[in-house]
Amino acid sequence: MLTASDAENIQVPLALFPSVDEPVEEYEGMVKALSDKPWSNKNAYKVYPSVSHGFAAARANLVDPDGKAQFEDVYTRTAAFFTNVFES
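*Asks:* Which residues make up the overall build of the protein chain, and what values go with them?
*Replies:* A tally of helices and strands in the protein chain yields two helices and two strands. The helix and strand sequence of the protein chain, counted from the amino end, reads β-α-β-α. The burial tally for the protein chain puts 30% of its 88 residues in the buried class. Across the protein chain, every contact between residues at least 6 apart in sequence was considered, and the portion connecting residues at least 24 apart equals 63%. When the accessible area of the protein chain is evaluated, it comes to approximately 5600 Å², of which 56% is carbon and sulfur surface.

Written out as structure tokens, the structure is:
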């Protein structure tokens, strides 16, 4: 798992999409530390507080309307992140 102290060594834009059972405070510290990087405008970050780790993979609950909405949202954000990073 990444920690806020890892941010100093990160040299590329980063997408972080933590869920309810992940250390959000740690990730917020990482996002803050990455905000000083010259490419910080390309980072992507959103917390998904209503779903558990794996909500966009093996644990996806596409029958539940909220689970499906969060699944679709994270993949839309992921695609936008890569488009933003590789097209500029």
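*Asks:* Any chance you could break down the nonpolar core for me, citing the residues and the numbers?
*Replies:* Listed in full, the nine residues of the largest apolar core are Phe 17, Ala 44, Tyr 48, Val 51, Phe 55, Ala 56, Val 74, Phe 81 and Val 85. Top contributing element to this core by residue count: helix 2 (residues 65-87), with three residues. In this structure, Val 51 is in contact with Ser 19, Val 20, Asp 66, Gly 67 and Gln 70, ignoring residues within four places of it in sequence. Core analysis: the second largest hydrophobic core is formed by eight residues, Ile 10, Leu 14, Met 30 and Leu 34 among them.

*Asks:* Give me the lowdown on the layout of surface pockets, citing residues and values where you can.
*Replies:* Roughly 240 Å³ of internal volume is contained in the largest pocket. Lining the largest pocket are 13 residues, and of these Phe 17, Pro 18, Glu 22, His 53 and Phe 55 lie nearest its centre. Taken together, the residues of the lining of the largest pocket sort by class into nine nonpolar, three polar and one charged.

*Asks:* Which residues make up helix 2, and what values go with them?
*Replies:* Since the α-helix packs 3.6 residues into each turn, any two residues three or four apart lie on the same face. Helix length check: helix 2 (23 residues) gives 33 Å between terminal C-alpha atoms against 33 Å at 1.5 Å per residue, within 8%. Restricting attention to buried positions, one finds in helix 2 the residues Gly 67, Gln 70, Val 74, Phe 81 and Val 85. Packed against the buried residues of helix 2 are strand 1 (15-16) and strand 2 (44-45).

*Asks:* Quick one: what's the story with the packing of aromatic side chains, residue by residue and with numbers?
*Replies:* Here the distance between the centres and the angle between the planes together describe a pair of aromatic rings. Tallied over the entire structure, the rule returns five aromatic pairs. Ring centres 6.4 Å apart and planes at 70 degrees place the aromatic pair Phe 17 and Tyr 48 in the edge-to-face group. Here Tyr 48 lies in the loop between strand 2 and helix 2 and Phe 17 lies in the loop between strand 1 and helix 1 (24-34), a separation of 31 residues in the sequence. For the pair Phe 17 and Tyr 48, a shared accessibility class is recorded, and that class is buried. Every member of this aromatic cluster is reached through a ring pair, and the members are Phe 17, Tyr 48 and Phe 55.

*Asks:* I'd like a rundown of the environment of Asn 41, residues and numbers included.
*Replies:* Relative to the elements of secondary structure, Asn 41 occurs in the loop between helix 1 and strand 2. Sequence separation between Asn 41 and Thr 76 is 35 residues, and the spatial gap between their C-alpha atoms is 18 Å.

About the cut-offs
Residues numbered from 1 in each chain as written. Predicted model: local features only at pLDDT ≥ 70, side-chain atom pairs only at ≥ 80, totals over all residues. Heavy atoms only, no water. Helix = DSSP H or I, 4+ residues; strand = E, 2+ residues; numbered from the N terminus. Buried < 20%, exposed > 50% of the residue type's maximum accessible area, 1.4 Å probe, protein only. Contact = heavy atoms within 4.5 Å. Areas by Shrake-Rupley, 256 points an atom, 1.4 Å probe, with all protein chains shown as cover. Core = buried A, V, L, I, M, F, W, Y, C linked by side-chain atoms within 4.5 Å. 1 Å grid on protein atoms, 1.4 Å probe; cavity = no way out; pocket = protein on both sides within 12 Å on 5 of 7 lines; lining within 4 Å. Points joined across faces, edges and corners; volume = space filled by probe spheres on them. Nonpolar A, V, L, I, M, F, W, Y, C, P; charged D, E, K, R; others polar. Expected span 1.5 Å × (residues − 1). Phe/Tyr/Trp six-rings, centres within 6.5 Å; stacked < 30°, edge-to-face > 60°.

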